[in-house]
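# Secondary and tertiary structure notes
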Amino acid sequence: MLNPFTWAGFGQWAFAASAFAFLLLVGWRWDRRRRDREATGLAEIAAFALTAVWALVVAGTGADTPLSQLFESFRSLGWLALSFALFTRDGRHSSVAPIRPMMAALVFVELLQPILFLMTLRDGTNAVALGMIFHISVLFRLLVATGALVLVHNLYAGAMAQQRAALRWTCAAMAMVWGYDLNLYTIAYLARAMPPELAALRGLAQLAAIGLLVIGAVRGRSALRFSPSRAVAFQSLSLLVIGAYMLVMVGAAQSLAWLGGNSSQLAQLGFVFVSSVLVVAIMPSGRVRGWLKVMLAKHFFQHRYDYRAEWLRFTRTIGRAGGQTPPLHERVVQALADITDSSAGLLLVPAESGELVLASRWQWPTADVPGEALAADHVPFFEKHSFIVDLDEVRSGIDYQGERAVVPEWLIEEHSAWALVPLLHFDRLVGLVVLARPPVARKLDWEDFDLLRVVGMQLASYLAEHAGQSALLEASRFDEFNRRMAFVMHDIKNLASQLSLLSRNAEKHAENPAFRADMLITLRNSADKLNALLARLSRYGGSGGERVDDVDAGDVMRAVAARYNAPGLIRVHVVYEGACHVLANREALEQVLLHLVQNGIDASPDGMAVFLQCNVDGMNGCIEVIDTGCGMSAEFMRNRLFKPFVSTKPGGFGIGAFEAREMVRAMRGKLDVESREGLGSRFSVRLPLAAAQPLMDSIQGEPKPAGGTQGKKVA
């Protein structure tokens, strides 16, 4: 026995004491396992027994002997097996998926130590070979210690908060063992020799680990449930990649050193060049990062989503404010797209007739969305089933609840479209989000459907609240408008009465016949215009109506074009003029077309004309006003185009488009609009055909008035 007052003697006694303590712990754990039948008892007993045997070998032969190095590998494998058993304690093998590759790598590295042991026996007299073997062995010990500490960190941090108390002391003991080894072999690697002082104190580290294990065993344990966070798992993966890269680099360095000469330098330069190209070209790729995230979420986690992180991101997206903040409809699309990593999306909302129209785009300017994105009779399907449609399944012919019949063809043909998410508020569809395919395509599963459905309900409440606030604001503006217009109408009415009286007096008292005739024409025209203005303003009161007649739409278009065209300057082209007689008020129809044409001219570049055409569409006549101007966004058409008091023109009152739509509605027609930013706009005025009026009256049960359709007043 060595002198205990030397470092070697102190280390011998410390290892002997730790061996005795581990043997006592083995006996106690064996008895407890026999009584309690714990799942991890056998792994603990094996790890403690191997540590005791290793400590006895070190106490008897020393820490530097090949035999002690061999038994140290057995001890390390025992502790790795204990770590693996603790990860699988709750019996759910799927939760161990992120651990298995790392565990296999550490076991492989540790199994290389016996090979080095055999090489030591063969080259025991070669000092250079022994030095190289020692250097490689220490490097392998460093890799195992680093990986084991990563496992310990994940074991503790991945357990639920209320269950960490059961693992605290065991993890602390393993951290003590591997942490001391990490420091010991780091110094040995740098010094190229085992430090005798730290090697002797290693026995005390084993005794400290035994103390922690005893404390944990006395306090008892609870069933564990492994549930690592995303951050922990990605950090662990990063450390594993770093460790593997370190191993590859060391192996490459040793191989290049053995080559020697110019070939060694060329190989080094080539290795550095190839590694740099791979890192620069692959790692910044969004597709690579997306594939990695999907792969980890699919195979390494019980749940794909970190619900706390998703909720925080959702709240930040919807709740952010400021001058640069996108509109609410665009943020609604982004909030859903962020969940599935979709690159773009569309929001469809119900129009006044019940069909769904485009309300907003998010990073999807190329999507070709028709004016009627989804028919009104298909909306009840989403309200009844709250069904999230996987468009890839629809394209492949799968039809679970009849969704194939309600998905429009333009979505089927748009292969970038991936999923339809309904936004329901009290069983009422307030929106439908079209999600684009993510960079890394995958199949939607139950977790996607559950999360998207819940988030969709929350977004629907935001949209409903926003619509209610907009309606209240619009109602208050209308009240103010009505109060102001009451005074305006009173003044205009007085002026019209005065002009009418003046014209009657002029007929009686004017002496100059020429002057009198000219004055009469002027005054009568002014009076007619003022009375027409009063009629239009009174229309919004709800008691007015339009007197409709059989009107030739082509004749109205030519009259409108003549107002803008001059010799040598054609600003309005009538490109197609089919036979189209509609039921309309000629003055009102002309006023509508004048407003639409003027807007088209204002939006078009100088020298670009506006086009007028008409055709028959079923029982309706359709007059189209087409321009090649700047176009309008979906958000503008949905939220601003037909809103009164909203104008993009300096000094504009903001009721032109609203007035045009109301005029068309008063004639039992419909005003549709299609537009694309940068390409232009198409306004379509649809009015009933005069020839179809008897059929429409018979369908609605209305008797045909005497004299045909002439002079009929439409409420």
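Residues numbered from 1 in each chain as written. Predicted model: local features only at pLDDT ≥ 70, side-chain atom pairs only at ≥ 80, totals over all residues. Heavy atoms only, no water.

## Here's the deal with helix H21 (residues 656–666)
Under the convention used in this document: A simple rule labels every residue: compare its accessible area, found with a 1.4 Å probe on the protein chains alone, to the largest value its type can have, and call it buried under 20%, exposed over 50%, or partly exposed in between. Going along the chain from the N terminus, every DSSP run of H or I of four or more residues is numbered as a helix, and every run of E of two or more is numbered as a strand.
Taken across its eleven residues, H21 has eight buried, putting it largely inside the fold. A positive backbone phi angle near 60° is found at arginine 668, which sits one or two residues after H21.

## Concerning the side chain of serine 73
Put simply, the rule reads: Pairs of residues are marked as contacts when any of their non-hydrogen atoms sit within 4.5 Å.
Tracing the backbone through its elements, the reader meets serine 73 in helix H3 (residues 66–87). Residue class for serine 73 comes out buried when judged on its relative accessible area of 2%. Aside from chain neighbours lying at most four places away, what touches serine 73 is Glu110, Gln113 and Arg141.

## Here's the deal with the packing of helix H18 (residues 553–564) against helix H19 (residues 586–603)
Put simply, the rule is: Only the stretch in contact is used when fitting a helix axis, every axis being a line fitted to C-alpha atoms; angles between N-to-C directions are given from 0 to 180 degrees. Our angle categories are set so that under 35 degrees counts as roughly parallel, over 145 as roughly antiparallel, 65 to 115 as roughly perpendicular, and the remainder as oblique. We call a crossing left-handed when the near helix sits turned anticlockwise from the far one by less than a right angle, and right-handed when that turn is clockwise. Gly counts as polar in this scheme, as do all residues outside two lists: the nonpolar Ala, Val, Leu, Ile, Met, Phe, Trp, Tyr, Cys and Pro, and the charged Asp, Glu, Lys and Arg.
Between H18 and H19, whose axes approach to 10 Å, the crossing angle comes to 45°. As summarised for this structure, H18 and H19 are arranged oblique, according to the angle between their axes. Crossing handedness for the pair H18 and H19: right-handed. Between H18 and H19, the contacting residues are Asp555, Val556, Met557, Ala559, Val560, Arg563 and Tyr564 on the first element and Arg586, Leu589, Glu590, Leu593, Leu594, Val597, Gln598 and Ile601 on the second. For the contact of H18 with H19, the residue count by class is ten nonpolar, one polar and four charged.

## Things to note about the pairing of strand S12 (residues 680–688)
Applied cut-off: DSSP calls a pair of strands paired once it identifies at least 2 bridges connecting them.
With seven of its nine residues buried, S12 lies for the most part within the structure. Pairing analysis gives seven bridges linking strand S11 (residues 670–676) to S12, with the strands arranged antiparallel. Each residue of the ladder has a partner; that of serine 675, found in S12, is serine 681. A loop of three residues connects S11 with S12, the two strands running antiparallel in sequence, and glycine 678 in this loop sits at a positive phi of about 85°.

## Details of the pattern of salt bridges
Test applied: Definition used for salt bridges: Asp or Glu carboxyl oxygen within 4 Å of a side-chain nitrogen of Lys or Arg.
By the definition in use, this model includes 23 salt bridges. Of the charged contacts in the structure, one is a salt bridge between aspartate 450 and arginine 453, with a shortest N-O distance of 3.6 Å. In this pair, aspartate 450 and arginine 453 both sit in helix H16 (residues 446–509), three residues apart, roughly one turn of the helix. On the basis of relative accessibility, which here comes to 40%, the residue aspartate 450 falls in the partly exposed class. Here aspartate 617 makes a salt bridge to arginine 686, at a shortest N to O gap of 2.7 Å.

## Some details on the pairing of strand S2 (residues 356–362)
The element S2 is largely enclosed, with a buried count of seven among its seven residues. Bridge analysis of strand S1 (residues 345–350) against S2 gives six bridges, and the strand direction is antiparallel. Each bridged residue has a counterpart across the sheet, and for proline 350 the counterpart in S2 is leucine 356.

## Focus: the nonpolar core
For clarity, the threshold we go by: Within this scheme, the nonpolar core is defined by two criteria: the residues are buried Ala, Val, Leu, Ile, Met, Phe, Trp, Tyr or Cys, and they are joined through side-chain atoms within 4.5 Å.
Ranked by size, the top nonpolar core spans 42 residues in total, and within it Leu589, Leu593, Leu641 and Val685 carry the most contacts. Sort the elements by how many residues they give to this core and H19 lands first, with eight residues. Discounting chain neighbours no more than four positions away, the residues touching leucine 589 are Val551, Val556, Ala584, Ile623, Met667, Val685 and Leu687.

## A look at the sheet that holds strand S7 (residues 572–577)
Overall, mixed pairing links the five strands, which are arranged S7-S9-S10-S12-S11 in an open sheet. Strands with a single pairing partner mark the edges of an open sheet, and in this sheet they are S7 and S11. Across the sheet, the mean angle separating the axes of adjacent strands is 20° when strand polarity is ignored. Where S7 lies against strand S9 (residues 610–617), five bridges are found, and the strand directions are parallel. Bridge assignment links valine 572 to a residue of S9, and that residue is valine 610. H21 contacts S11 and S12 of the sheet and is inclined by roughly 140° relative to S11.

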